[in-house]
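Descriptive structure summary
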Amino acid sequence: MDLTVGVLLGTFILSVLALFVFIASMAKGLFGSGGAAAVQIFDKDEMGAVEDPAATKKQRGNLQEAMDPGHAQVKGNSREVAARLRADQSSSLVVGVCLTLSVFWLVLASFAGLIASIKLHMPDWWVGQAWLTFGRIRPIHLNLVAYGWCSMAGIGVAMWLIPRLLKTELVGAKYALAGGVLWTVGITAGTVAIAMGYSDGLEWLEYPWMADIPMIVGGALVGFPLWLTLLRRKVEHLYVSVWYIAAGLLWFPILFLVANWPGLHFGVQQATMNWWFGHNVLGLWFTPLGLAAAYYFIPKVLGKPIHSYNLSLLGFWSLAFFYSQVGGHHLIGGPVPSWLITISIVQSMMMMVPVFAVAINQHLTVLGNFRALLYSPTLRFIVLGAMMYTAASVQGSLQALRAVNTVTHFTHYTVAHAHLGLYGFFSMVMFGSIYFIMPRVMKWEWPYPWMISAHFWLVLGGFSVYFTGLSFGGWYQGLAMLDKDIPFMDSVKLTIPYLEARSVGGALMTLGHLVFALHFFMMGWKFGPRRLGAALLATPEPEGKSATKTLPARGVSA
Ligand code: HEM
Ligand code: HEM
């Protein structure tokens, strides 16, 4: 025990020391000027030129007007653009497959969430089928959002960004494709197993180990090409998104393998390991993928580099230093040693460092340009998502304090926070990224721009009702549970209107997802009017010729 305390305290002190060493090295310029790395996502003459393949011609004009009205049309540098086109083409099949699967899982997961939600205020509804009972449909929802929607979308977006950012074609795309198929087999097997009543019984780790095997092999096959591409990169500086993606792809397999290894942990150790995984999967898998996308698309759409490249590196390294020990805050009040909980609370507060580094950087990049959100569908989703990252993280740090957690633990307040993080932040960033990427993958514009707006307003409205309802309901529930004069059943009954509000909000979100999925599949079938301007980096090939010619229009950057 003493040795364990010593080791954990030692790692904490080491993390703080590492932070200071890191800041000092940056101050001495050991990480380079930063400026060169920040602008490498733009080609010559591209700074000041806006880009959003999801925007209509009119929206793009307004966006340019809002950002830099005097900016001349970009002269397409043909060698650069041709290289980027090859990078895009090398990943387009595998990106298209990953994103299609992610959208399919999103729809299924949303219906599972909605059914689970309705059951919490109408417990007698649909009780005839065992697989529809709350104990099964809830983990089906959680695992489908985590490993189906969020992971598949994150991998698809990462797979598209890496060749672009490294200016190199994706190496070994066929391994990634095989990996995607195996991952899907694992999710399908795991979901069917839960529906049939087989579960490992640990939250986030419910899939039986037999279903984990194809996921582990599939995950490794997906990660392999990204690492190979990294080794063959043609750029000198690594843009911050590359740091996040590469680290996430390294951290996640370790977490998933250790946490799912059968017969390794028991009792209190198992609970501790469960939440070591439960929080690290959020902070060291979803968060890096979401931030990597935000760091690329915000500057790209606006046509201006991020506010401070060094701050972005500070955000990345401090996340790496402080995240791995925060999981204990899920067990506050549980039968685990109090020193372990205290360390996790201290680390949770230290998380303010990376969170504010990211928040200041991303918000200062957008500051003064909020009008751009009116015209860019991509930016609307991503900037809102970035704001919700800050909100979820600050809320999370406060929620980790014992005084607050005593009220919120075991209540719906935690579920509201969970959706602020994984939905408000991560899913919104993924929606925006998919809107940007798909026109480039399919070489086809989004057929009906009004459907993008309908998706945005439905999910924003639905999520606002969901989050507000559960935050208030959960807080009152917590206060009632702590009051010795209130019978427990009263603390349950008072939540009913808030749970009904969640079902209304969740139904709107599900409707929004259906609109998104329908639009996505229309895009897949190249349905709707033929408008290719924003979708293409180069003009279509003339009949019988193989050479591509670059578009002299704006919107040709990496
Ligand atoms: C500084 C950053 C953050 C801290 C310190 C933090 C802290 C917390 C705490 C204390 C809980 C509640 C534990 C409990 O009472 O059971 C929690 C739950 C949760 N958080 Fe965060 N959070 C942070 C950021 C995030 C982000 C960015 C996401 C999403 C990407 C997220 C997703 C979740 C989820 C999904 C849960 C529910 C887990 C479960 O019970 O299944 N959090 N977080
Ligand atoms: C992509 C969209 C979504 C994501 C990423 C997501 C994520 C999550 C997460 C991480 C949890 C675990 C929360 C915790 O243990 O604290 C959860 C639980 C839940 N979600 Fe979702 N969710 C999504 C959409 C929805 C929708 C549309 C509904 C519909 C109402 C919904 C209803 C629920 C319910 C009822 C639970 C169980 C809460 C409980 O056990 O008290 N979710 N979701």
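Before any of the text, the structure's been laid out above.
For clarity, every value in this text was computed on a predicted model and none was experimentally measured. (Residues numbered from 1 in each chain as written. Chains lettered and ligands numbered in written order. Predicted model: local features only at pLDDT ≥ 70, side-chain atom pairs only at ≥ 80, totals over all residues. Heavy atoms only, no water.)

So, the site of ligand 2
- Among the 24 residues in the neighbourhood of ligand 2, the closest are listed as R138, H141, E203, H419 and Y423.
- One of the side-chain nitrogen or oxygen atoms of H141 is found 2.8 Å away from a nitrogen atom of ligand 2.
- Listing elements by their share of the shell around ligand 2, those giving two or more residues are α4 (78-121), α5 (134-166), α16 (412-442) and α19 (496-524). (Near = heavy atom within 4 Å. Polar contact = N/O pair within 3.5 Å; in protein donor to acceptor, adjacent residues only side chain to side chain. Helix = DSSP H or I, 4+ residues; strand = E, 2+ residues; numbered from the N terminus.)

Section: the coordination of the iron atom of ligand 2
- Note on the iron atom of ligand 2: its protein donors are H141 (NE2) and H419 (NE2). The metal-donor distances range over 2.1 Å.
- Classification of the site at the iron atom of ligand 2 as octahedral follows from its six donor atoms and the range of 84 to 179° in their angles at the metal. On the criterion of sequence distance, the pair formed by H141 in helix α5 and H419 in helix α16 is long-range, its members being 278 residues apart. A single burial state applies to H141 and to H419, both of which are buried. (Donors = N, O, S within 2.8 Å, 3.2 Å for Na, K, Ca; no water. Tetrahedral: all angles 85-135°; square planar, octahedral: opposite > 155°, others 65-115°. Buried < 20%, exposed > 50% of the residue type's maximum accessible area, 1.4 Å probe, protein only.)

Considering the site of ligand 1
- Surveying the vicinity of ligand 1 reveals 24 residues, the closest of which are E203, Q399, N405, H409 and H417.
- A distance of 3.0 Å separates an oxygen atom of ligand 1 from a polar side-chain atom of N405.
- The side chain of H417 places a nitrogen or oxygen atom 2.9 Å from a nitrogen atom of ligand 1.
- Among the elements of the structure, α9 (267-302), α14 (377-399) and α16 are those that each provide at least two residues to the shell around ligand 1.
- Grouping the amino acids of the shell around ligand 1 by side-chain chemistry returns nine nonpolar, 14 polar and one charged. (Nonpolar A, V, L, I, M, F, W, Y, C, P; charged D, E, K, R; others polar.)

With respect to the packing of helix α11 (residues 338-350) against helix α12 (residues 352-366)
- At a closest axis distance of 5 Å, the pairing of α11 and α12 adopts a crossing angle of 15°. Here α12 runs roughly parallel to α11, going by the angle between their axes. Residues S348, M349 and M350 of α11 touch α12, and the partners they reach there are M352, V353 and P354.
- Along the lines of polarity and charge, the residues of the contact of α11 with α12 split into five nonpolar, one polar and no charged. (Axes fitted to C-alpha atoms, helices over the stretch in contact; angles between N-to-C directions. Parallel < 35°, antiparallel > 145°, perpendicular 65-115°, else oblique. Contact = heavy atoms within 4.5 Å.)

Quick word on the coordination of the iron atom of ligand 1
- The protein gives the iron atom of ligand 1 a lone donor atom, H417 (NE2), placed 2.2 Å from the metal.
- Of note, H417 is situated in helix α16.

Some details on the packing of aromatic side chains
- Tallied over the full model, the rule gives 42 aromatic pairs.
- Here Y435 and W446 contribute two aromatic rings whose centre-to-centre distance is 4.9 Å and whose plane-to-plane angle is 70°, an arrangement assigned as edge-to-face. Of this pair, Y435 sits in helix α16 while W446 sits in the loop between α16 and α17 (449-482), placing them eleven residues apart in sequence. For the pair formed by Y435 and W446, the shared burial category is buried. (Phe/Tyr/Trp six-rings, centres within 6.5 Å; stacked < 30°, edge-to-face > 60°.)

Notes on unusual backbone geometry
- Even without being a glycine, W126 presents a positive backbone phi close to 55°.
- Tracing the backbone through its elements, the reader meets W126 in the loop between α4 and α5.
- Here W126 falls in the partly exposed class, since its relative accessible area comes to 44%.
- Despite not being glycine, F410 shows a phi value in the positive range, around 65°.
- Its place among the elements puts F410 in the loop between α15 (402-408) and α16.
- Relative accessible area serves as the criterion here: at 70%, F410 is assigned to the exposed category.

Topic: the pattern of salt bridges
- Summed over the entire model, instances satisfying the criterion amount to seven salt bridges.
- The partner of E169 in a salt bridge is R86, and the shortest N-O contact between them spans 3.5 Å. In this pair, E169 is assigned in the loop between α5 and α6 (173-195) and R86 in helix α4, connecting sequence segments 83 residues apart.
- Residue class for E169 comes out partly exposed when judged on its relative accessible area of 39%.
- Assessed through its relative accessible area of 43%, R86 is described here as partly exposed.
- In this structure, R138 engages E203 in a salt bridge whose closest nitrogen and oxygen atoms are separated by 3.2 Å. Linking R138 in helix α5 with E203 in the loop between α6 and α7 (209-231), this pair joins segments that are 65 residues apart in sequence.
- Put simply, E51, K300 and R440 are held in one network by salt bridges that share partners. (Salt bridge = Lys/Arg side-chain N within 4 Å of Asp/Glu carboxyl O.)

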